[in-house]
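Coordinates in review
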Amino acid sequence: MNGIEGAQRSASTGRAGRHLLAVIVSSLIGCLGADGTLAHEGIGPATCDHLPTLEAWLTLHAQRWDTALSAEPGYERPAHVDVCRLDGRWPFADNHQSRVYVRRLETTDDQVTLAHEYLHLAFQHFPSGHDERYVETTARRLVADYP
Ligand SMILES: [Zn+2]
C-alpha cells in the first residue's frame, strides 16, 4: 500500500507498466474488505495536494452533519480533515493522516463520494466506519438531507 508514489513515478517515466499494474493489483487486494467488497481506506502519498474549495465545502457540511451523526454510535468528529487531489485509483480515506483523496466536486455523486470518505474518518474507531454499506448509505442520506 506504500507503493503509490513509486507507481506514479514509474508511470510518468513511461516504463515499468507491468510494475505499475502489479502495484495497483496488490493495492486493490490490500483494500478488499472481509466481505470481498472494495474498501476505501488506504495510505496516501507523503504530500497532500490540497483542494481548498473542497475543503471549504467539507468543513461547512461537516458542521451541518454533526448533529445527525452525533446520534450514530462510534461517531468522532475529526478535528481536521485534509482534502487531497487524487490521481488515478479509487477515492479513499487515509485514517492515519486524517486525509481524504478525491478528484472533484461537480455532481451530487461527487458530494456523496466526499461525504463517504469523510465518514470513514469520522467512524474509523468503530466497526461501522469499515462497513462500506453503512458508510455509503449514510453518505447518501447526509447529502440528500443537507444539500
Ligand atoms: Zn468506502
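Residues numbered from 1 in each chain as written. Predicted model: local features only at pLDDT ≥ 70, side-chain atom pairs only at ≥ 80, totals over all residues.

What follows is about the pairing of strand β3 (residues 99-102). Side chains Arg99 and Tyr101 project from β3 onto one buried face, and the interleaved Val100 and Val102 project onto a second face that is buried too. Sheet topology places strand β1 (residues 82-85) next to β3; four bridges connect them, and they run parallel. Bridge pairing in β3 places Arg85 opposite Val102. Bridging between strand β2 (residues 92-94) and β3 involves three bridges; their strand directions are antiparallel. Note that in β3 the partner of Phe92 across the bridge is Tyr101. Hairpin geometry of β2 and β3 is characterised by an intervening segment of four residues between the two adjacent antiparallel strands and by a positive phi of about 50° at Ser98. (Buried ≥ 20, exposed ≤ 12 C-beta atoms within 10 Å, placed from the backbone. Helix = DSSP H or I, 4+ residues; strand = E, 2+ residues; numbered from the N terminus. Pairing = 2+ DSSP bridges.)

What follows is about the nonpolar core. Among the nonpolar cores identified, the biggest contains 23 residues, and Val83, Val100, Leu114, Ala115, Tyr118 and Leu119 are the most heavily contacted of them. Those elements giving two or more residues to this core turn out to be α3 (52-70), β1, β2, β3, α4 (108-122) and α5 (132-145). The leading source of residues in this core is α4, at six residues. With residues up to four places along the chain from it excluded, the contact list for Ala115 reads Ala139, Leu142 and Val143. (Core = buried A, V, L, I, M, F, W, Y, C linked by C-beta atoms within 7 Å. Contact = placed C-beta atoms within 7 Å.)

Along the polypeptide, Leu54 turns up in helix α3. In this structure, Leu54 is in contact with Val83, Val102, Leu105 and Leu114, ignoring residues within four places of it in sequence.

What follows deals with unusual backbone geometry. Located in the positive-phi region is Ser98, a residue other than glycine, with phi close to 50°. Mapping Ser98 onto the fold places it in the loop between β2 and β3. Overall, Ser98 belongs to the partly exposed group, with 14 C-beta atoms counted inside 10 Å.

Quick look at α3 now. Taking 1.5 Å of rise per residue, the 19 residues of α3 would be expected to cover 27 Å, and the 26 Å separating its terminal C-alpha atoms lies within 8% of that figure. Remark: the principal bend of α3, roughly 35°, maps to Arg64. All buried positions along α3 are accounted for by Leu54, Leu58 and Trp65. Where the residues of α3 are buried, they touch β1, β3, α4 and α5. (Expected span 1.5 Å × (residues − 1). Bend = angle between axes of the 7 residues up to and from the residue.)

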